[in-house]
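Architecture at a glance
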Amino acid sequence: MHTTTVIIGGGQGGLAMSRCLSDRSIDHVVLERGEVANSWRTERWDSLRLLTPNWQCRLPGRPYAGDDPDGFMTAPEVVDVIAAYAKEIAAPVHTSTTVTAVRRTDDGYRVVTDQGEWSCEAVVLASGAFNVPRVPDFAAAVPSSVTTRSAMTYRNPHDLDDGGVLVVGASATGAQIAHEIQSSGRPVTLAVGEHVRGPREYRGRDIHWWMQAAGVLDERYDEVDDIVRARRVPSMQLTGSTERVTLDLNKLTGIGVQLVGKFAAISGTRAQFSGSLRNKCDLADLKLGRLLDTIDEWATAAGLDDAVPPPHRFAPTAVPEPPRLDLDLGRGEIRTIIWATGYRPDYSWLEVDVLDAKAMVRHDGGVVVDAPGMYVIGLPFLRRRKSSFIDGACDDAQELAQHLATFLDVRAARHG
Ligand SMILES: Cc1cc2nc3c(=O)[nH]c(=O)nc-3n(C[C@H](O)[C@H](O)[C@H](O)COP(=O)(O)OP(=O)(O)OC[C@H]3O[C@@H](n4cnc5c(N)ncnc54)[C@H](O)[C@@H]3O)c2cc1C
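Presented here is an overview of the structure given in this document. (Residues numbered from 1 in each chain as written. Predicted model: local features only at pLDDT ≥ 70, side-chain atom pairs only at ≥ 80, totals over all residues. Heavy atoms only, no water.)

Looking at the overall build of the protein
When its secondary structure is counted, the protein shows nine helices and 24 strands. Structurally, the protein occupies a C-alpha span of about 70 × 60 × 40 Å along its principal axes. Of all 416 residues assigned to the protein, the portion counted as buried reaches 51%. Contacts in the protein between residues at least 24 apart in sequence constitute 70% of all its contacts with a sequence separation of at least 6. (Helix = DSSP H or I, 4+ residues; strand = E, 2+ residues; numbered from the N terminus. Buried < 20%, exposed > 50% of the residue type's maximum accessible area, 1.4 Å probe, protein only. Contact = heavy atoms within 4.5 Å.)

Topic: the packing of aromatic side chains
Throughout the structure, instances matching the rule amount to eleven aromatic pairs. Measuring from ring centre to ring centre gives 5.8 Å for Phe 130 and Tyr 343, while their planes differ by 80°; the resulting arrangement is edge-to-face. Placement of the pair is Phe 130 in the loop between β7 (122–125) and β8 (132–133) and Tyr 343 in strand β21 (residues 343–344), with a sequence separation of 213 residues. Ring centres of Phe 263 and Phe 273 lie 5.4 Å apart, and the angle between their planes is 55°; on these two criteria the pair is classed as tilted. Of this pair, Phe 263 sits in strand β17 (residues 263–267) while Phe 273 sits in strand β18 (residues 270–273), placing them ten residues apart in sequence. (Phe/Tyr/Trp six-rings, centres within 6.5 Å; stacked < 30°, edge-to-face > 60°.)

As for empty space enclosed by the protein
Overall, the coordinates contain two cavities of 30 Å³ or more when judged by the stated rule. Reported here for the largest cavity is a volume of approximately 40 Å³. Considering the residues around the largest cavity, the lining is formed by Glu 194, His 195, Lys 280, Leu 283, Ala 284 and Lys 287. Its residues placed into classes, the lining of the largest cavity shows two nonpolar, one polar and three charged. What the second largest cavity holds in volume is close to 30 Å³. Along its surface, the second largest cavity is lined by Gln 12, Gly 13, Ile 377, Gly 378, Ser 387, Phe 389 and Ala 393. A breakdown of the residues in the lining of the second largest cavity according to their chemical character gives three nonpolar, four polar and no charged. (1 Å grid on protein atoms, 1.4 Å probe; cavity = no way out; pocket = protein on both sides within 12 Å on 5 of 7 lines; lining within 4 Å. Points joined across faces, edges and corners; volume = space filled by probe spheres on them. Nonpolar A, V, L, I, M, F, W, Y, C, P; charged D, E, K, R; others polar.)

Brief notes about the side chain of Gln 182
Its place among the elements puts Gln 182 in helix α4 (residues 172–183). Beyond its immediate chain neighbours, meaning those up to four positions away, Gln 182 contacts Pro 187, Val 188, Ile 255, Gly 256 and Val 257.

Some remarks on the nonpolar core
Core analysis: the biggest nonpolar cluster contains 45 residues, and Met 17, Val 102, Val 111, Leu 125, Leu 350, Met 374 and Leu 404 have the highest contact counts within it. Setting aside residues up to four positions removed in sequence, Leu 404 forms contacts with Thr 5, Met 17, Leu 21, Ile 26, Ala 122, Val 124 and Tyr 375. Counting residues in hydrophobic clusters, the runner-up holds 43 residues, among them Ala 37, Tyr 85, Leu 160 and Ala 175. (Core = buried A, V, L, I, M, F, W, Y, C linked by side-chain atoms within 4.5 Å.)

Let's talk about the sheet that holds strand β20 (residues 334–339)
Strand order in the open sheet formed by five strands is β9-β20-β10-β11-β16, and the pairing between neighbours is parallel. Two strands bound the open sheet, and with one partner strand each, they are β9 (147–150) and β16 (258–261). Ignoring which end each strand starts from, the neighbouring axes of this sheet average 20° apart. (Pairing = 2+ DSSP bridges. Axes fitted to C-alpha atoms, helices over the stretch in contact; angles between N-to-C directions.)

A look at the site of the ligand
Inspection of the region around the ligand gives 29 residues, with Glu 32, Ser 39, Leu 51, Thr 52 and Ile 390 positioned closest. Glu 32 is positioned such that a nitrogen or oxygen atom in its side chain is 2.6 Å from an oxygen atom of the ligand. Between the ligand and the protein, one listed contact pairs an oxygen atom with a side-chain N or O atom of Trp 40 at 2.9 Å. The set of elements that each furnish at least two residues to the shell around the ligand consists of α1 (12–23) and α2 (38–42). Broken down by element, the shell around the ligand gets its largest block of residues, three residues, from α2. Across the shell around the ligand, the residue classes tally to twelve nonpolar, 14 polar and three charged. (Near = heavy atom within 4 Å. Polar contact = N/O pair within 3.5 Å; in protein donor to acceptor, adjacent residues only side chain to side chain.)

Examining the layout of surface pockets
If you add up the space inside the second largest pocket, you get close to 270 Å³. Around the second largest pocket, the lining is made up of 16 residues, and of these Ser 47, His 179, Thr 239, Gly 240 and Ser 241 lie nearest the centre. Looking at the lining of the second largest pocket residue by residue, the class counts come to six nonpolar, seven polar and three charged.

Concerning the pattern of salt bridges
In total, this model carries 33 salt bridges according to the counting rule given. The closest approach of N and O atoms between Arg 335 and Asp 161, which form a salt bridge, is 3.9 Å. With Arg 335 in strand β20 and Asp 161 in the loop between β9 and β10 (164–168), this pair connects stretches of sequence that are 174 residues apart. A relative accessible area of 35% means that Asp 161 is categorised as partly exposed. For Arg 203, the salt bridge is made with Asp 296, and the minimal N-O distance between the two is 2.9 Å. Placement of the pair is Arg 203 in the loop between β13 (201–202) and β14 (205–206) and Asp 296 in helix α8 (residues 277–301), with a sequence separation of 93 residues. Asp 296 matches Arg 203 in its accessibility class, with the two residues each being buried. Residues participating in the shared-partner salt-bridge network are Asp 218, Arg 220, Asp 222, Arg 383, Arg 384, Lys 386, Asp 395, Asp 396 and Glu 399. (Salt bridge = Lys/Arg side-chain N within 4 Å of Asp/Glu carboxyl O.)

What follows is the structure, given as structure tokens:
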């Protein structure tokens with residue numbers, strides 16, 4: 001089978017690309033191993049709501065159309081939005097089609113699937129940034145008396161054994177899961193490494209409203225000093241709830257969560273935690289202050305100071321002094337460990353030499369390096385700070401589709 005462009009992945013990134021290619025009459029298919037929005041159907045815990053407000057749940061040609069722009073969708077609601085979009089744009093999606101290999105050919109690419117093969121001139125990797133949990137190597141040394149799981153397979157606290165839970169990682173995922181489990185009556189210890197602190201609301205508006213308005217979310221990949229570092233920054237500690245709560249470490253310690261430093265190693269049966277908890281929290285407080293400074297400066301420049309409450313700052317993060325540095329996992333205090341240590345993409349099927357030493361695609365704003373006609377979408381800070389958010393797919397897909405169209409035009413001119 002032949003098509004001009006194969007898009008791998010039927011999440012919002014692949015569908016946004018599909019819409020932008022259709023707008024340019026570029027023949028394509030979308031290959032999806034499950035159903036559209038597969039990761040929202042199968043890889044999220046039960047209580048998860050978007051941490052981005054509903055108005056930011058927009059896709060190319062489809063602004064948010066519901067009646068609760070400031071609310072936060074549940075995962076099934078996100079599935080409905082994405083599935084409706086696929087229908088609305090008549091995306092040529094082939095579901096239950098797993099891509100098992102992508103190879104280069106003399107005149108493009110061969111995409112091998114469990115349903116047959118496609119030849120094409122261009123390929124878009126829209127297979128997601130969060131396919132596989134990132135778990136430290138020493139996880140293998142956890143005593144067998146402790147059950148371990150990742151945030152990807154965690155569903156709800158009632159699935160867990162009674163007893164203590166060590167949640168590793170304090171970004172959005174770890175903070176949300178720690179809050180839910182502690183609230184269920186199981187005592188939580190939270191291992192905290194580098195994290196980004198953020199209030200749900202500031203000066204009467206949602207933090208995402210401010211970050212969008214002040215241009216923070218639109219900051220481009222070629223404008224930041226260190227894009228490699230920027231792409232590794234963890235997600236902001238935010239949760240979407242009807243109560244619009246701020247989910248920072250102070251909130252968690254307030255309900256009884258015990259903080260320890262980064263889970264650094266296991267020696268025998270002892271979990272060892274870094275002593276840098278205070279420093280990590282100070283740094284997060286400092287960075288929050290800088291973000292709020294940026295917002296305040298923008299609000300003043302935009303003439304908003306009289307329209308919103310005055311600037312204020314949040315209490316510094318309270319940290320146990322001295323923090324606990326180790327914990328015997330063999331003693332029964334901890335029954336479950338949940339790795340909320342991040343995710344990585346899975347390109348095990350990609351047989352084109354475009355991966356770096358960390359198995360990440362080498363790309364320049366989504367244009368894959370040394371692979372003409374290959375593109376990637378949906379990665380953190382791909383082209384803008386908002387790139388891995390649902391809202392980020394719009395602008396990225398428009399620009400990458402334009403690049404892809406030009407690539408095809410040049411190619412066609414060359415081939416006469
Ligand atoms: C826990 C969590 C919470 C998040 N919360 C938010 C939020 O609140 N707001 C927000 O804007 N963003 C959020 N995100 C980020 C992001 O918007 C979502 O992860 C989103 O699903 C990414 O869309 P995508 O299309 O890039 O990737 P995905 O939705 O992951 O889509 C990739 C698709 O590719 C398919 N696929 C993968 N490999 C293959 C293959 N070999 N063959 C065929 N198909 C394949 C998968 O089945 C999947 O359907 C969150 C992410 C996570 C992990």
